[in-house]
Amino acid sequence: EISDALLKSEEANCELFAQKDKFRSFAQYASKIFTLVQNLGSLKAAYQFSLEYFFDLIKKIMNTPSSDHEGVEGRSDTLCSSLLKHTVSCIGKSLFKEDRLAFIFHILHGMMPEPWGVAWEYLLGHSISMGFSDEMLPAWVPQDRKYAYTKLQECVPAIFERNNFESDEWRSWAEAIDPSLTLPKSSVLNSVEN
């Protein structure tokens, strides 16, 4: 009897460890986000977020119902995505407005460093333009933005290969009061470029 109970206990223990390992990627993802959030203290001393606050965010996300067809790996991916969205939303609301964009870029670059490449250098202002020619620019680009447009074109040419910036949609976008709300439907931008 004792040996049977020990065998069953060992089997249950192995099953628990196997289930735990399936959520390891979520735990690592959450740990990375928490570390990035803790770095906010270097931006302003007032930006201190406790581990308890972060655990409350995680508990809220873990308590959201999941679809039965997701499976453990699908659930882990859904949890990662939800945690990123909730972290940016909840913590972003508690920051001063002038620091929110820096926070979002900090989180994005920390969580997805690969897709940035030269674009990150461009955003930081570390890239150098080789000069520009007015002949290559769409007519809607304002005079004071021509250098920036050319610099973007040199640093992130893939955006220009996938999009037709000569179209009227982009002209309307450039003239819009709030361009973030009027992005052309024909635009082909990845999550970082958007």
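These figures come from a predicted structure and were not determined experimentally.

As for the confidence of the model for the protein
- Considering every residue of the protein, the mean pLDDT works out to 80; 82% of them sit at 70 or more.
- Ranking the elements of the protein by mean pLDDT puts helix α6 (residues 118–124) last, at 68, and helix α3 (residues 51–62) first, at 91.

A look at the pattern of salt bridges
- In this structure the tally under the stated criterion is 1 salt bridge.
- Between Asp-99 and Lys-44 there is a salt bridge whose closest N-O contact spans 2.7 Å. Within this pair, whereas Asp-99 is found in helix α5 (residues 97–111), its partner Lys-44 is found in the loop between α2 (24–38) and α3, the two being separated by 55 residues in sequence.
- Under the relative-accessibility criterion, Asp-99 is labelled buried at 7%.
- Exposure remark for Lys-44: the relative accessible area of 27% places this residue in the partly exposed category.

Remarks on the side chain of Lys-146
- Of note, Lys-146 is situated in helix α7 (residues 146–155).
- Classification of Lys-146 by relative accessible area gives buried; the value is 13%.
- Polar side-chain contacts of Lys-146 include one of 3.4 Å to the side chain of Gln-143.

Focus on the packing of α2 against α3
- Where α2 meets α3, the closest approach of the two axes is 11 Å, and the angle between their N-to-C directions is 140°. Between α2 and α3, the angle falls in the class oblique. As for how α2 packs across α3, the hand of that crossing is right-handed. From α2, Phe-26, Ala-30, Ile-33 and Phe-34 reach across to α3, where they touch Leu-51, Phe-54, Ile-58 and Met-62.

Some details on the environment of Leu-83
- Mapped onto the elements of the fold, Leu-83 is located in helix α4 (residues 71–93).
- On the accessibility criterion, Leu-83 (0% relative accessible area) is buried.
- As for Leu-83 and Ile-58, which are separated by 25 residues in sequence, their C-alpha atoms are 6.8 Å apart.

Re the nonpolar core
- If you look at the biggest cluster of nonpolar residues, it comprises 22 residues, and the most contacted ones within it are Phe-54 and Leu-83.
- Where this core is concerned, the elements lending two or more residues are α2, α3, α4 and α5.
- Residue contributions to this core peak at 6 residues, all from α2.
- The residues touching Phe-54, leaving out its near neighbours within four places in the chain, are Ala-30, Ile-33, Phe-34, Leu-83 and Thr-87.
- Counting residues in hydrophobic clusters, the runner-up holds 10 residues, among them Leu-137, Ile-159, Phe-165 and Trp-170.

Here is what the cut-offs are and how they apply
- Residues numbered from 1 in each chain as written.
- Predicted model: local features only at pLDDT ≥ 70, side-chain atom pairs only at ≥ 80, totals over all residues.
- Heavy atoms only, no water.
- pLDDT = per-residue confidence, 0-100.
- Helix = DSSP H or I, 4+ residues; strand = E, 2+ residues; numbered from the N terminus.
- Salt bridge = Lys/Arg side-chain N within 4 Å of Asp/Glu carboxyl O.
- Buried < 20%, exposed > 50% of the residue type's maximum accessible area, 1.4 Å probe, protein only.
- Polar contact = N/O pair within 3.5 Å; in protein donor to acceptor, adjacent residues only side chain to side chain.
- Axes fitted to C-alpha atoms, helices over the stretch in contact; angles between N-to-C directions.
- Parallel < 35°, antiparallel > 145°, perpendicular 65-115°, else oblique.
- Left-handed = near helix turned anticlockwise from the far one by under 90°.
- Contact = heavy atoms within 4.5 Å.
- Core = buried A, V, L, I, M, F, W, Y, C linked by side-chain atoms within 4.5 Å.

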